[in-house]
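# Fold and contact review
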Amino acid sequence: MEDALAKLLKGNENFACNSCQVKVSPEKRQELCKGQCPSAIVLACSDSRVAPEIIFDASLGEIFVVRTAGNVLDKIALGSIEYAALHLHTSLIIVLGHEKCGAVTAACKVENGAQAESPNISAICKKILPAVKAAKKKLPSAGEAEIIEKASAINVKKVISKIRKSHIISKLLSEGKIKIVGAKHSITCSKVEML
Ligand SMILES: [Zn+2]
């Protein structure tokens, strides 16, 4: 699992230095017809600027990706993570937040009294609200931009706590078969920072 994380961080270095290596060769595609064996599960935001395969310079078959706005967790996202952990034996889970997250920004607006545009968008904001409240408590005199960034990081940690409560994941964790880490992608400098 350390190797899997090191490989992804090396891939992010390639991305940050504009030297991405990944090519999806016909041989690679042929090999993947036999099956998949991804080395990491990534729960990321749906934001078009944070596509995990691109920012980690990863090829087809390397990462199992689950994306929701604000990288929030619901039953379907957690079930997808459990599936990969159980059936594909993927031993690393990365929860990836990011800078300038629209979902976290929307949750901040709701916290400040705005109304979400629909019950579905409201459901996303509700999942992020505890992180916004915690960020405000930690940084009482901070401005909105700073609160948004702090809330993104706290949201990642809260999502990790929820994943740990999964029966399947907690068993794999206790057996030392899986590891969960949190990270945040900076859109400004293209780098992924471990939290
Ligand atoms: Zn986002």
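That block above? That's the structure.
Residues numbered from 1 in each chain as written. Predicted model: local features only at pLDDT ≥ 70, side-chain atom pairs only at ≥ 80, totals over all residues. Heavy atoms only, no water.

### Some words on the overall build of the chain
Our working rule: Helix and strand labels come from DSSP, where a helix needs a run of H or I of at least four residues and a strand needs a run of E of at least two; each type is numbered from the N terminus. This radius of gyration counts C-alpha atoms alone. The globule rule is 2.2 Å times how many residues there are, raised to the power 0.38. A simple rule labels every residue: compare its accessible area, found with a 1.4 Å probe on the protein chains alone, to the largest value its type can have, and call it buried under 20%, exposed over 50%, or partly exposed in between. Residues count as neighbours in contact if any of their non-hydrogen atoms are within 4.5 Å of one another. For accessible areas, the Shrake-Rupley method is used with a probe of radius 1.4 Å. Any residue's cover is judged against the shown protein chains and nothing else.
A count of helices and strands for the chain gives eight helices and five strands. Its helices and strands in sequence order give the chain the pattern α-α-β-α-β-α-β-α-α-α-α-β-β, from N to C terminus. Relative to a compact globule of 195 residues, whose C-alpha radius of gyration would be 16 Å, the chain shows 17 Å and is just as compact. A buried classification covers 43% of the 195 residues belonging to the chain. Sequence separation of 24 or more characterises 70% of the internal contacts of the chain that already satisfy a separation of 6 or more. Surface accessibility of the chain: about 10400 Å² in total, with carbon and sulfur atoms responsible for 55%.

### Focus on the packing of helix 4 (residues 75-87) against helix 8 (residues 167-174)
How we decide: The angle between two axes is taken between their N-to-C directions and runs from 0 to 180 degrees, where each axis is a line fitted to C-alpha atoms and a helix contributes only its stretch in contact. Each angle is binned into one of four classes, with values under 35 degrees roughly parallel, values over 145 roughly antiparallel, values of 65 to 115 roughly perpendicular, and all other values oblique. If you view the pair so one helix is near and one far, a crossing is left-handed when the near helix is turned anticlockwise from the far one by less than a right angle, and right-handed when it is turned clockwise.
At a minimum axis distance of 9 Å, the contact between helix 4 and helix 8 shows a crossing angle of 40 degrees. For the element pair helix 4 / helix 8, the angle class is oblique. Regarding helix 4 and helix 8, the two cross each other, and that crossing is left-handed. Facing helix 4, whose interface residues are Ile-81, Glu-82, Ala-85 and Leu-86, helix 8 presents Ile-168, Ile-169 and Leu-172.

### Some thoughts on the coordination of the zinc ion
Rules: Counted as coordinating are nitrogen, oxygen and sulfur atoms within 2.8 Å of the metal, or 3.2 Å for Na, K and Ca, while water is not included, which may make sites look incomplete.
Distances from the zinc ion to its protein donors, Cys-45 (SG), His-98 (NE2) and Cys-101 (SG), fall within 2.0 to 2.3 Å. Site description for the zinc ion: donor spacing in sequence, C-x52-H-x2-C. Grouping residues by exposure puts His-98 and Cys-101 together as buried.

### Quick notes on the environment of Val-50
Relative to the helices and strands, Val-50 resides in the loop between strand 1 (40-45) and helix 3 (52-55). For Val-50, a relative accessible area of 1% gives the class buried. C-alpha separation for the pair Val-50 and His-185, spaced 135 residues apart in sequence, amounts to 7.4 Å. What Val-50 contacts, discounting residues up to four positions off in sequence, is Cys-45, Ile-55, Arg-67, His-98, His-185 and Ile-187.

### Concerning the nonpolar core
The condition that has to hold: Throughout, nonpolar core names a set of buried Ala, Val, Leu, Ile, Met, Phe, Trp, Tyr and Cys residues whose side chains join them through atoms within 4.5 Å.
If you look at the biggest cluster of nonpolar residues, it comprises 21 residues, and the most contacted ones within it are Leu-43, Leu-73, Ile-81, Ile-93, Ile-163 and Ile-169. Residue assignment for this core shows that the elements contributing at least two residues are strand 1, strand 2 (63-68), helix 4, strand 3 (92-98), helix 7 (144-164) and helix 8. For this core, the element with the highest residue contribution is helix 4, accounting for five residues. Once you skip the residues sitting within four places of it in the chain, Ile-163 turns out to touch Leu-43, Leu-73, Leu-78, Ile-81, Ile-93, Val-95, Ile-169 and Ile-180.

### Describing a positive patch on the surface
Where we set the bar: Note that patches include only residues with greater than 30% relative accessible area and no salt bridge, and the join distances are 9 Å for like charges and 5 Å for nonpolar side chains (Val, Leu, Ile, Met, Phe, Trp, Tyr). Only one rule defines a salt bridge in this text: a Lys or Arg side-chain nitrogen within 4 Å of an Asp or Glu carboxyl oxygen. Here Asp and Glu are counted as negative and Lys and Arg as positive; His is not counted, and neither are the chain ends. Charge placement uses NZ in Lys and CZ in Arg. For Asp and Glu, CG and CD serve respectively.
A contiguous patch of positive charge, built from Lys-127, Lys-138, Lys-150, Lys-157, Lys-158, Lys-162 and Lys-165, is present on the exposed surface. If you tally residues by element for the positive patch, the top one is helix 7, at four residues. Along the polypeptide, Lys-127 turns up in helix 6 (residues 119-138). Assessed through its relative accessible area of 32%, Lys-127 is described here as partly exposed.

### Observations regarding the pattern of salt bridges
A side chain with one charge can pair with a side chain of the opposite charge if their charged atoms come near. Considering all chains together, one arrives at seven salt bridges under this definition. Among the salt bridges present, the one from Glu-175 reaches Lys-177, with a minimum N-O distance of 3.3 Å. Beyond isolated ion pairs, a larger network of salt bridges with shared partners links Glu-111, Lys-133 and Lys-136.

### Some words on the sheet that holds strand 5 (residues 192-194)
Using the following cut-off: Strand pairing is defined by DSSP finding a minimum of two bridges between the two strands.
Strand order in this open sheet of five strands is 2-1-3-4-5, and the pairing throughout is mixed. Lying at the two open borders of the sheet, with one neighbouring strand each, are strand 2 and strand 5. Taking each pair of neighbouring strands and ignoring which way they run, the sheet shows an average axis angle of 25 degrees. Of the pairings in the sheet, the one linking strand 1 to strand 2 comprises six bridges and is parallel in character. Looking at the pairing, Ala-44 lines up with Arg-67 of strand 2. Against the sheet, helix 4 makes contact with strand 1, strand 2 and strand 3, and its axis sits at roughly 175 degrees relative to strand 2, the strand it touches most.

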